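Fold and geometry: a report
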Amino acid sequence: MLNYIIRRMFYAIPILIGVNLITFTLFFVVNTPDDMARMHLGMKRVTPEAIEKWKADRGYDKPVAFNSEAQGFAKLTDTIFFENSVKLFVFEFGRSDAGRDIGFDISQRMWPSLAIAVPVLILGLLANITFALLVAFFRATYIDFWGVVVCVVLMSISGMFYIIGGQFLVGKLLHLVPISGYDTGFDAIKFLILPVLIGVIGGIGSGTRWYRTLFLEEIGKDYVRTARAKGLSESLVLFKHVLKNAMIPILTGVVVVLPLLFMGSLITESFFGIPGLGSYTIDAINSQDFAIVRSMVFLGSFLYIVGLILTDISYTLVDPRIRLS
Amino acid sequence: MRVGKTELIIILIVFLCVSLYMLSWLAFGFKPVFLWTDVLVYILVVSIIAFALYAKSKPHLRDPWRQVWRRKLGMSALVILLFYVFAGLLDSVHFRMPLQNQTSEGEMQYQSDVLTVLDMVLPSLHENVEKTYSSPFATHLFAKETIQHDDGSTTREYPRLKFGGAHLDEHASGRTMDVLVNTFIGLTMGLLISVLVIGVILFLLAKHWSCSFKQASEKILKQESEAAWAVVLLTLLLCITLISLLYYLSYYYHVFGTDKVGRDVLYQAIKSIRTGLVIGTLTTLIMLPFAMMLGIMAGYFRGWIDDVIQYLYTTLNSIPGILLIAAAVLMMQIYMANHPELFETDSERADTRLFFLCIILGITSWTGLCRMLRGEALKLREMDYIQAASAFGVSNFKIIWRHIQPNVMHIILIAVVLDFSGLVLAEAVLSYVGVGVDPTTYSWGNLINGARLEMAREPLVWWSLLAAFIFMFILVLAANLFSDAVRDAFDPRIRKQ
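Residues numbered from 1 in each chain as written. Chains lettered and ligands numbered in written order. Predicted model: local features only at pLDDT ≥ 70, side-chain atom pairs only at ≥ 80, totals over all residues. Heavy atoms only, no water.

1. Some words on helix 8 (residues 159–173) of chain A
All names here are of chain A. The end-to-end C-alpha distance of helix 8, which contains 15 residues, comes to 20 Å, matching closely the 21 Å that a straight helix rising 1.5 Å per residue would cover. Residues of helix 8 that are buried include every one of Met160, Phe161, Tyr162, Ile163, Ile164, Gly166, Gln167, Val170, Gly171 and Lys172, and no others. One or two steps after helix 8, the chain reaches His175, where phi turns positive at roughly 55°. (Helix = DSSP H or I, 4+ residues; strand = E, 2+ residues; numbered from the N terminus. Expected span 1.5 Å × (residues − 1). Buried < 20%, exposed > 50% of the residue type's maximum accessible area, 1.4 Å probe, protein only.)

As structure tokens, this is what we get:
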């Protein structure tokens, strides 16, 4: 087992290097640091000195990949590539273009993101599976047909309208919870209810439909026919046999997104003013803070790869047919 | 290819459109503008027509389509989609009008704003610009202003709109009655037009089935026809009536109000159709060749080619889509800001950005299809007929084209239609995040974004949101329903059940 995990991790390294090279090309080769400086300082009336100073403050004045003036190892290390890209591998994110410590910001902001993402995931899963089981129980009836139609209708509404509608209805008309904002500790709960609720409702359409397909696929299998032939009731077949076997694809589908929960949701956090990593990213995009965007791209890819590895491991844990090899 | 009646008619229509365009160019002296996305839209239309003709001659593509024609919800959705496509196509023919007062010598001078055929069709919407916000069917502005009277006194009141309800008397009394009367007139007109259109379609169908007009309508009413014509005609009736109603009312009122700078919201929502369609379709068009080629190659050749391609898409796939898009768009913004000389007009700049957005979205979304095609090609290459073909010494390229491509066509088709609605929704989110289309491009995302800033306002400015919601919801719902019908017809796993 340990052997397998270690080997999987080694497979991840070339992918991370690839991600790193892509981001490096995007951020430093497509546009030179001079272009970035000019953009930041305002396009017109920028003195060359101001550009030099901007670059020097952020360490962008070094050569891109090879420093011929330095000595020994510093020929490779004293460059933009090493300082800004290679150091990401050990999670040294450095400083943002505005001068803040990115690593510290991330460690602070990841908790509000989790406070929303985890309840949304758990409650959403419960709601989706419940509805999907219900629809699958009444398959090939009008309940099934209209259930699917309702799912398609729900899927066709942009997530932003769920948020706007929810804020308007619950926050503005009913005055039940504050529209946006955040607080520390248990006071945060009243700010979290609405985003969590909307996150769950917004996902019901696609989630229910997806799990319904999973259940229906499972219902068509031989062991279900055997169970029915034994004389088991339909509900027992569904809840005991089908649900148990359908848990394998459901579980592995969930595991892959688990690490990404840290990243939070861009839209939800920005609409509700929650200081998580999602709104951190949006703020960085709007203020064109490339150092933060670069770090988030790397972090996101890293977490995704972790998710993939976890998925493979969880497969072997829940499905005895799959052997490690 | 055998040239049949349908092909001739299509060629004739295309020829007619082109010659009409040339004629009006000569007559009015405008300057045609070919934007990047325009050209790609034309290519897309031509390739869809070509695909349709190709599919007609291949039973493995023709039969599932016949099954689609029988689906009621799917066909109704298709009719609605066609109306959107029609608006989008009208909006894809760009030109610049000459300036009124030309300088005597030298070249022609042209206006800086680029118009489309759609603007010509909707003159009342395009030109009736108010001062600022006004609510739907309003006759007065949304905000109070200080008005100076003739006798020198000033009052704070809601000023009258320049265009909304301008035909009413000074106090705009009887507005409700007027709206009702105009609604009635618009509805009647719409019904008349749609009855006419349906009559023409029935007549053509009767001719096609070589039966009488009465027999044809009975056949459709009893739902005995091969396709779901009854639903199609009903949807046509509804759409045409609604569109004529909106069109008629928009001459007198701002049906969806006006925005901050007084532009008609209905006009913006209609103009956004093109952006939504372009993102939904061109993205797929751009990524399709890569996904197809790489996916099939990886599965067919295996070995190191497979390793390289797998590495490529795993790497791209592991970057969260929205972050990759954000990074790429930010970099593109800088590039465009540093090279302003590349773009002649604002709309060319905005269009280049839209084009790049399509490419970037394509790069992030091709991996899924590529993986599926690889899996399918892996399975297919072990099939007996392909083993036989390679034993006979058929070249790899020919095997891929003759044997593998037709067998993965259904996967491609399903992926294309399934992706569409997701891309339309993604545009709105990206524009909200600030990495979507240019702020000057009309898009539902920009419409929502503009309205969101006014959310805190009392009373609420809700009409922009409503317009964006309605237009987007109908398009995405129709696309979802249609893609379901297509998937059910083409997916062998579902067909078996």
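2. Some details on empty space enclosed by the protein
Residue and element names in this part refer to chain B. Across all of its chains, the model carries 1 cavity of 30 Å³ or more by this definition. Of the volumes computed, that of the largest cavity is approximately 40 Å³. Ser124, Asn128, Phe163, Gly164, Ser250, Tyr251, Tyr252, Tyr253, His254 and Asp264 together form the lining of the largest cavity. Looking at side-chain class alone, the lining of the largest cavity contains 4 nonpolar, 5 polar and 1 charged residues. (1 Å grid on protein atoms, 1.4 Å probe; cavity = no way out; pocket = protein on both sides within 12 Å on 5 of 7 lines; lining within 4 Å. Points joined across faces, edges and corners; volume = space filled by probe spheres on them. Nonpolar A, V, L, I, M, F, W, Y, C, P; charged D, E, K, R; others polar.)

3. Digging into the interface of chain B and chain A
Of the residues lining the interface, 48 residues belong to chain B; the matching set on chain A comes to 48 residues. Summing both sides of the interface, chain B and chain A together bury roughly 4,100 Å²; the carbon and sulfur share of this comes to 76%. Together, B:Leu323, B:Met331 and B:Tyr432 form the three largest contributors to the area buried by chain B at its contact with chain A, with a combined 15%. At the boundary of chain B and chain A, one finds 1 salt bridge. A salt bridge links B:Asp484 to A:Arg209; the nearest nitrogen and oxygen atoms lie 2.8 Å apart. Applying the counting rule to chain B against chain A returns 6 residue pairs in polar contact (both at pLDDT 80 or more). Of all elements in the fold, only helix 11 (303–318), helix 12 (321–338), helix 15 (396–433), helix 16 (444–452) and helix 17 (463–490) of chain B reach the threshold of two or more residues within the side of chain B that touches chain A. Ranked by residues supplied to the side of chain B that touches chain A, first place goes to helix 12 of chain B with 13 residues. Broken down by class, the residue content of the side of chain B that touches chain A amounts to 34 nonpolar, 8 polar and 6 charged. (Contact = heavy atoms within 4.5 Å. Buried area = accessible area lost by both parts, 1.4 Å probe. Salt bridge = Lys/Arg side-chain N within 4 Å of Asp/Glu carboxyl O. Polar contact = N/O pair within 3.5 Å; in protein donor to acceptor, adjacent residues only side chain to side chain.)

4. Comments concerning the packing of helix 2 (residues 36–57) of chain B against helix 13 (residues 346–380) of chain B
Residues and elements named next belong to chain B. Direction vectors running N to C along helix 2 and helix 13 enclose 50°, while the axes themselves pass 8 Å from each other. Our classification of the angle between helix 2 and helix 13 gives oblique. Touching Trp36, Thr37 and Leu40 of helix 2 are Asp351, Thr352, Leu354 and Phe355, all from helix 13. (Axes fitted to C-alpha atoms, helices over the stretch in contact; angles between N-to-C directions. Parallel < 35°, antiparallel > 145°, perpendicular 65-115°, else oblique.)

5. A short note on the pairing of strand 4 (residues 145–148) of chain B
All names here are of chain B. In the sheet, strand 4 pairs with strand 5 (residues 154–157) via 4 bridges, with the strands oriented antiparallel. By the bridge assignment, Gln148 is partnered in strand 5 with Thr154. If you look at the hairpin formed by strand 4 and strand 5, you'll find 5 residues sitting between the two strands, and Gly152 has a positive phi there, around 95°. (Pairing = 2+ DSSP bridges.)

6. Considerations on the confidence of the model for chain B
All names here are of chain B. Looking at chain B as a whole, its pLDDT mean stands at 84, while 96% of the residues score no less than 70. No element of chain B has a lower mean pLDDT than helix 18 (residues 492–496), which averages 64, and none a higher one than helix 4 (residues 72–90), which averages 92. Among the prediction metrics, the complex's ipTM stands at 0.86, with pTM recorded as 0.89. (pLDDT = per-residue confidence, 0-100.)

7. Considering the packing of aromatic side chains
For any two aromatic rings, the description comes down to two numbers: the centre-to-centre distance and the angle of the planes. Counted under the stated rule, the structure contains 16 aromatic pairs over all chains. Both rings, one in B:Tyr247 and one in B:Tyr251, keep their centres 5.6 Å apart while their planes meet at 80°; by these two values the pair is edge-to-face. Overall, B:Tyr247 belongs to the partly exposed group, its relative accessible area being 32%. Classification of B:Tyr251 by relative accessible area gives partly exposed; the value is 41%. Judged by centre distance (5.6 Å) and plane angle (75°), the ring pair of B:Trp462 and B:Trp463 falls under edge-to-face. According to the relative accessible area criterion, B:Trp462 is partly exposed, its value standing at 41%. Classification of B:Trp463 as buried rests on a relative accessible area of 1%. Three or more aromatic residues joined by ring pairs make a cluster, and in this case those are A:Phe161, B:Phe469 and B:Phe473. (Phe/Tyr/Trp six-rings, centres within 6.5 Å; stacked < 30°, edge-to-face > 60°.)

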